[in-house]
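# Residue-level structural notes
So you can see what is in the structure, the chains are spelled out below.
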Amino acid sequence: MDKDYPALPPMQTGVRGRCPRCGQGHLFNGFLTLAPKCDACGLDYSFADPADGPAFFVICFACVPSVALAVWLEVVFSASLLTQFLVTGPFMLLTCIPPLRPLKGWLVASQYFYKAEEGKLVRRAPEPS
């Protein structure tokens, strides 16, 4: 059945929250909850396991600037705790929460596109003596 669908790049489908097979159906129910299957082509999303990948990328690329902003405010302006909450708090929320959904969609679409699955141990048969 996958042969009837063109190979769609994960950046095209996952970032937009679309089905990695047909590009039409929705990938999510709600903000970060994966749908059980595509509402357009019926692809079962049980293969998907992005685990903590999206959170890892957000921590690496969004939280570091937030901490740098907080340190800069403290060193340069000796900002009060209230100023830190009012400036750094919204900055952290705006740089950490919005990227989670596109990143999760991209990881799920990449798993489908590259046919990623759990690793399996392959053992060679013993050589006859």
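Since the structure is predicted, the reported quantities are computational estimates derived from the model, not experimental observations. (Residues numbered from 1 in each chain as written. Predicted model: local features only at pLDDT ≥ 70, side-chain atom pairs only at ≥ 80, totals over all residues. Heavy atoms only, no water.)

### Side note on the layout of surface pockets
Applicable threshold: In the cavity and pocket records, a cavity denotes points on a 1 Å grid over the protein atoms alone where a 1.4 Å probe fits but cannot get out, a pocket denotes an open set with protein on both sides within 12 Å along at least 5 of 7 lines, and lining residues are residues with an atom within 4 Å of a point. Grid points are joined across faces, edges and corners, and a volume is the space filled by probe spheres set on the points. Each helix is a run of H or I in the DSSP string that is no shorter than four residues. Each strand is a run of E no shorter than two, and both are numbered from the N terminus. Classification used: nonpolar for Ala, Val, Leu, Ile, Met, Phe, Trp, Tyr, Cys and Pro, charged for Asp, Glu, Lys and Arg, polar for all others including Gly.
Considering only enclosed or pocket space, the largest pocket measures out at about 170 Å³ in volume. As for the largest pocket, its lining consists of 14 residues, and the residues nearest its centre are Pro 6, Ala 7, Tyr 112, Phe 113 and Lys 115. Listed by contribution, the elements that provide at least two residues to the lining of the largest pocket are α1 (10–13) and α4 (100–113). The element best represented in the lining of the largest pocket is α4, accounting for three residues. The residue inventory of the lining of the largest pocket, partitioned by class, reads 10 nonpolar, one polar and three charged.

### A few points about the side chain of Thr 13
Spelled out, the test is: Residue contacts follow a heavy-atom distance rule, with two residues in contact if any of their heavy atoms lie within 4.5 Å.
Inspection of the secondary structure assignment puts Thr 13 in helix α1. Apart from residues lying up to four places away in sequence, Thr 13 is in contact with Leu 8, Arg 18, Cys 19, Pro 20, Gly 23 and Ala 109.

### Topic: the state of the cysteines
As a reminder of what qualifies: When two cysteine sulfur atoms lie within 2.5 Å, the pair is treated as a disulfide. Categorising residues by exposure relies on relative accessible area from a 1.4 Å probe, with only protein chains included: less than 20% of the type maximum marks a residue as buried, more than 50% marks it as exposed, and the intermediate range marks it as partly exposed.
Going through the model one piece at a time under the given rule, you end up with zero disulfides. Here Cys 38 is not cross-linked by a disulfide; its sulfur's nearest cysteine counterpart is in Cys 19, at 3.7 Å. Cys 38 gets classed as buried once you look at its relative accessible area, which sits at 2%. Lacking any disulfide linkage, Cys 96 is separated from the closest cysteine sulfur, that of Cys 63, by 3.5 Å. A residue is classified by how much of its surface remains accessible, and Cys 96, at 11% relative accessible area, is buried.

### Examining the packing of helix α2 (residues 53–77) against α4
Stated precisely, the cut-off is as follows: Axis definition: a line fitted to C-alpha atoms, over the contacting stretch in the case of helices. Angles run 0 to 180 degrees between N-to-C directions. Any angle from 65 to 115 degrees is called roughly perpendicular, while one under 35 is roughly parallel, one over 145 is roughly antiparallel, and all others are oblique. Note on convention: near helix rotated counterclockwise from far helix by under a right angle means a left-handed crossing. Clockwise means right-handed.
Their axes nearest at 8 Å, the elements α2 and α4 cross at an angle of 130°. Considering their axes alone, α2 and α4 lie oblique with respect to each other. The handedness of the crossing between α2 and α4 is right-handed. Where α2 abuts α4, its residues Gly 53, Pro 54, Ala 55, Phe 57 and Val 58 lie against Leu 100, Leu 103, Lys 104, Trp 106 and Leu 107. Taken together, the residues of the contact of α2 with α4 break down into eight nonpolar, one polar and one charged.

### Considerations on the packing of aromatic side chains
Selection rule: Side-chain rings of Phe, Tyr and Trp (the six-membered ring for Trp) are treated as a pair once their centres are within 6.5 Å; stacked means planes under 30 degrees apart, edge-to-face means over 60, and tilted covers the remaining angles.
Going through the model one piece at a time under the given rule, you end up with six aromatic pairs. On the numbers, 5.7 Å between centres and 50° between planes, the contact of Phe 47 with Tyr 112 is tilted. Of this pair, Phe 47 sits in the loop between β2 (33–34) and α2 while Tyr 112 is found in helix α4, placing the two residues 65 residues apart along the sequence. For Tyr 112, a relative accessible area of 17% translates into the label buried.

Purely geometric numbers; function is a separate question.
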